[in-house]
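A closer look at the structure
So you can see what is in the structure, the chains are spelled out below.
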Amino acid sequence: LCLQVPELEKATVRIRQPERVREIIRSLREQGVAKLQVISDFDMTLSRFGCNGRRCPTSHNILDTSRVISEDGKKKLKDLLHYYYPIEIDPNRTLEEKRPLMVEWWTKAHELLVQQKIHKGDIAQIVRESEAMLRDGFKEFFDQLHKNNVPLFIFSAGIGDILEEIIRQANVFYSNVNVVSNYMGFSDDGVLTHFKGPLIHTYNKNNTVLQGTGYFQQLSTRTSIILLGDSMGDLTMADGVPSVENILKIGFLNDKVEERRKKYLDSYDIVLESDETLDVVNGILRYILTE
């Protein structure tokens, strides 16, 4: 398979069951472009985890650290991060333990943001001034999918308004891109008053928050899936798809690589360790989409 997808030879690639992966990729190609859809997380999956030894911001971080947040607000948001992030990535806690704590974190963070009286009109500038970066190769990724009419479903526990703006400023917000995320609600004069429900956090990215969107129902013929994520919570993102025939799960392992490796290799078909690019994904897409 490395002949067709040379990117799989990269040093960042780990695969526990190469035979199985070969089969899935071959099936995806055989089923053809008309059956394919891509389901992806956003923060640290389509966006970069780090750059030159520094962490890149998530869509929440972009807002949390921007000039529209008071110093006191910044401190409180940072305290929440320091308390809850270790819980989020703790390999020794169960999802049952984590879920209520994630709801708590997101709810508190959103309440703090609402207190800041953020203006809708400031969002584009906030993103422009931020250090947000999409992964290297993002343009080819978005372009390939758009050119071949492959739906891209972005399922994010981040802030929808911010991540849409990142994609827009990168000039890749095409008609085949659909986002489900936490969106801000504004008053008539454009001030943030609430976040629209349902709340999406790291560990409820599944059917429960998709009810009523009917997105996957419209795509019932798209039974081949490439799923991209960077956490255990992302593995359930395709749960709403009616009848999956083939699914290839690609996981970005960005942080605490040694201690989390086994878990990722047990859960994802392909694991990309400390890889800030979409090279492997693009290589696989190229192989599947080329006649």
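A quick note: this is a predicted structure, and the numbers were derived from the prediction, not measured.

**Quick word on unusual backbone geometry**
Look at the link from Gly 197 to Pro 198: it is a cis peptide, with omega at -10°. Note that Pro 198 resides in the loop between strand S8 (192–195) and helix H8 (207–210). Here the phi dihedral of Asn 52 falls at roughly 50°; this positive angle occurs in a residue that is not glycine. Following the sequence through the fold, Asn 52 ends up in the loop between strand S3 (50–51) and strand S4 (54–55).

**Focus: the domain arrangement of the protein chain**
You can read the domains of the protein chain as domain 1 (6–49 + 133–289) and domain 2 (54–129). The gap between the C-alpha centroids of domain 1 and domain 2 is 21 Å. Counting from both sides, the interface comprises 34 residues of domain 1 and, opposite them, 31 residues of domain 2. The interface formed by domain 1 and domain 2 includes zero salt bridges. On the surface where domain 1 and domain 2 come into contact, there are 14 residue pairs in polar contact (both at pLDDT 80 or more). Elements that contribute at least two residues to the side of domain 1 that touches domain 2 include exactly strand S5 (152–159), helix H7 (160–169), strand S7 (184–186), S8 and helix H10 (257–267). Take the side of domain 1 that touches domain 2: its biggest share by element is six residues, from H7.

**Some thoughts on helix H6 (residues 138–147)**
Among the residues of H6, those classed as buried are Phe 141, Phe 142, Gln 144 and Leu 145. Projected down its long axis, H6 carries its buried residues within an arc of 160°, all on one side. Those residues of H6 that are buried are in contact with strand S2 (36–40), S5, H7, strand S6 (177–182), strand S9 (224–229) and helix H11 (279–289). With its phi angle positive at about 55°, Asn 149 sits one or two positions after the end of H6.

**Considerations on the packing of helix H1 (residues 18–31) against H11**
One can describe the packing of H1 onto H11 by two numbers: an axis separation of 8 Å at closest approach and a directional angle of 45°. Taken together, the axes of H1 and H11 are oblique relative to one another. Contact residues: Ile 25, Leu 28 and Arg 29 in H1; Ile 284, Tyr 287 and Ile 288 in H11. The class makeup of the residues in the contact of H1 with H11 is five nonpolar, no polar and one charged.

Cut-offs applied
- Residues numbered from 1 in each chain as written.
- Predicted model: local features only at pLDDT ≥ 70, side-chain atom pairs only at ≥ 80, totals over all residues.
- Heavy atoms only, no water.
- Helix = DSSP H or I, 4+ residues; strand = E, 2+ residues; numbered from the N terminus.
- Domains from an automatic or database assignment.
- Contact = heavy atoms within 4.5 Å.
- Salt bridge = Lys/Arg side-chain N within 4 Å of Asp/Glu carboxyl O.
- Polar contact = N/O pair within 3.5 Å; in protein donor to acceptor, adjacent residues only side chain to side chain.
- Buried < 20%, exposed > 50% of the residue type's maximum accessible area, 1.4 Å probe, protein only.
- Arc of directions from axis to C-beta.
- Axes fitted to C-alpha atoms, helices over the stretch in contact; angles between N-to-C directions.
- Parallel < 35°, antiparallel > 145°, perpendicular 65-115°, else oblique.
- Nonpolar A, V, L, I, M, F, W, Y, C, P; charged D, E, K, R; others polar.

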